[in-house]
Amino acid sequence: MKIPPLDLQAQYAEISVDVMRRVQEVFTTQRFILGPIVEELEAKIASLCRVKHGIGVASGSDALLLSLMALDLKPGDIVVTTPLSFFSTVSAITRLGARPHFVDVDPVTCNLDPDLLAQAPVAGVKAVLPVHLFGQLVCAEEIISWADSVGAAVVEDACQAIGATRQNRPAGNWGKLTGFSFYPTKNLGGAGDGGMIVTDDDELNAHLRSLRDHGAKKRYFHDEVGVNSRLGALQAAVLLAKLPHLEAWNLKRREIADRYRNRLAGLPITLPVELPGNYHIYHQFVLRSNRRDELKAYLTQEGIFTEIYYPVPLHLQDCFAFLGYQTGDFPQAERAAKEVLALPIFPELGEERFEYVCEKVRGFFG
Ligand SMILES: *Cc1c(COP(=O)(O)O)cnc(C)c1O
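What you see is a predicted model, and the numbers here were worked out from it, not measured in a lab.

### Regarding helix H3 (residues 60-70)
- Among the 11 residues that make up H3, nine are buried, leaving the element largely enclosed by the rest of the structure.
- Turning to H3, its buried residues number three or more, namely Gly60, Ala63, Leu64, Leu65, Leu66, Ser67, Leu68, Met69 and Ala70.
- Of the residues that open H3, the one with a side-chain oxygen 3.4 Å from the backbone nitrogen of Ser61 is Ser59.
- Within two residues after H3, Asp72 carries a phi angle of roughly 65 degrees, on the positive side.

So this is what it looks like as structure tokens:
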């Protein structure tokens, strides 16, 4: 048996008629960049987050970059963030000449540990950029209260958390700005790159609409230097066809996660924990083992695809050496990087493949 990380062909087989109907609409109108179909998606994602505005952009990475640009980040400004995330959480900061200040993660969730914020600097902090890693929200109320106390804005990296909630408030409803990704492997994925920023703030909304389109509020009249980061209508069409399924797909992932927890109980591994009040959407189901590399090699040999999110914490990436961080600076993130392993989790996994994964993981430990 071969078990992929994700089975997008199975997903497409179920929705192809709807997808193609929406795609056809784009070809009929020949309106490929922004326009009414993108606006429809913007309104629906904003409503999912229960905020006023959605701004479609070219990727999740750009959603974070543009969010920080809209906050008018200047060289030397500090952005507090996590060392355990996808690369672009931090490249969004350094690209603007700002400086990431890392705060270690909580070993239970692998999310930024709010208890450690008390040790972070206060002067020069312009923003806090927490990541809802693997599909579970950070302790947002604590992070926001610290950010408020130092006068910083919170930008959520919700690229892995579309549809997740905490205290019944969705990802995207907490920060001043939030970035989402529609990369094909995300819980809501397009047919290529795509992203969205959401905000309740009218001024930031207007600013971002200009920033994503070369800084021109009126075409060919540029009041600042923006970028080309517009969402294409074909992406919006595919995403609109998929969006009605998101809730059921997330629910299915949660069911699979529960069943993994039951079937893998009692093994010498740490299983993912959903904090009280959180609605985790299991973008990834990440276990921890001190024999991670052996386990991964064994599962690969048995045809099971697993992945490591992330093998190198961001403070130890070569390209960020100039920041001066060293091994040992963030022990929890560094330990997680050695122990985490993501098992296949996707709505179409099915009984047989699920059982096979459980059998093989159990088999490894004898
Ligand atoms: C996917 C992802 C991004 C980047 O999104 P892209 O659309 O690939 O640019 C940023 N942060 C996190 C946590 C992600 O998972």
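### Regarding the sheet that holds strand E12 (residues 278-279)
- Spatially, the three strands line up as an open sheet ordered E7-E6-E12, and their pairing is antiparallel. Here the strands that pair on one side only, and so sit at the sheet edges, are strand E7 (169-170) and E12.

### Considering helix H1 (residues 8-29)
- Taking 1.5 Å per residue as the helical rise, H1 with its 22 residues ought to reach 32 Å, whereas the 27 Å between its terminal C-alpha atoms falls clearly short.
- The principal kink in H1, of about 70 degrees, is found at Ile15.
- Of the residues making up H1, those classed as buried are Gln11, Ile15, Val19, Arg22, Val23 and Val26.
- Buried residues in H1 make contact with helix H2 (36-48), helix H7 (233-242) and helix H8 (246-263).
- Gln30, located one to two residues past H1, shows a positive phi value of around 55 degrees.

### What about the state of the cysteines?
- Enumeration over the complete set of coordinates arrives at zero disulfides.
- Of the cysteine sulfurs around Cys110, a residue in no disulfide, the closest is that of Cys139, at 13 Å.
- Overall, Cys139 belongs to the buried group, its relative accessible area being 15%.

### Concerning the pattern of salt bridges
- For the structure shown, the criterion picks out 23 salt bridges.
- The partner of Arg353 in a salt bridge is Asp7, and the shortest N-O contact between them spans 3.1 Å. With Arg353 in helix H11 (residues 350-364) and Asp7 in the segment before H1, this residue pair connects regions lying 346 residues apart in the sequence. With respect to burial, Arg353 and Asp7 carry one shared label: buried.
- Among the ionic pairs, Arg166 bridges to Glu141, the shortest N-O distance being 2.8 Å. Remark: Glu141 occurs in helix H5 (residues 140-150) and Arg166 occurs in strand E6 (residues 165-166); sequence separation between them is 25 residues.
- Its relative accessible area of 27% is what places Glu141 among the partly exposed residues.
- What you see here is one network of salt bridges that share partners, running through Arg22, Glu25, Glu40 and Lys44.

### Let's talk about the sheet that holds strand E4 (residues 125-129)
- Spatial ordering of the open sheet is given by E1-E9-E8-E5-E4-E2-E3, a layout of seven strands whose pairing is mixed. The open sheet terminates on both sides in strands that have one partner only, identified here as strand E1 (53-57) and strand E3 (99-102). Pairs of neighbouring strands in the sheet enclose a mean axial angle of 25 degrees, with direction left out of account.
- Bridge count for strand E2 (residues 78-81) against E3 is four bridges, and the pairing is parallel.

Here is what the cut-offs are and how they apply
Residues numbered from 1 in each chain as written. Predicted model: local features only at pLDDT ≥ 70, side-chain atom pairs only at ≥ 80, totals over all residues. Heavy atoms only, no water. Buried < 20%, exposed > 50% of the residue type's maximum accessible area, 1.4 Å probe, protein only. Helix = DSSP H or I, 4+ residues; strand = E, 2+ residues; numbered from the N terminus. Polar contact = N/O pair within 3.5 Å; in protein donor to acceptor, adjacent residues only side chain to side chain. Pairing = 2+ DSSP bridges. Expected span 1.5 Å × (residues − 1). Bend = angle between axes of the 7 residues up to and from the residue. Contact = heavy atoms within 4.5 Å. Disulfide = S-S within 2.5 Å. Salt bridge = Lys/Arg side-chain N within 4 Å of Asp/Glu carboxyl O. Axes fitted to C-alpha atoms, helices over the stretch in contact; angles between N-to-C directions.

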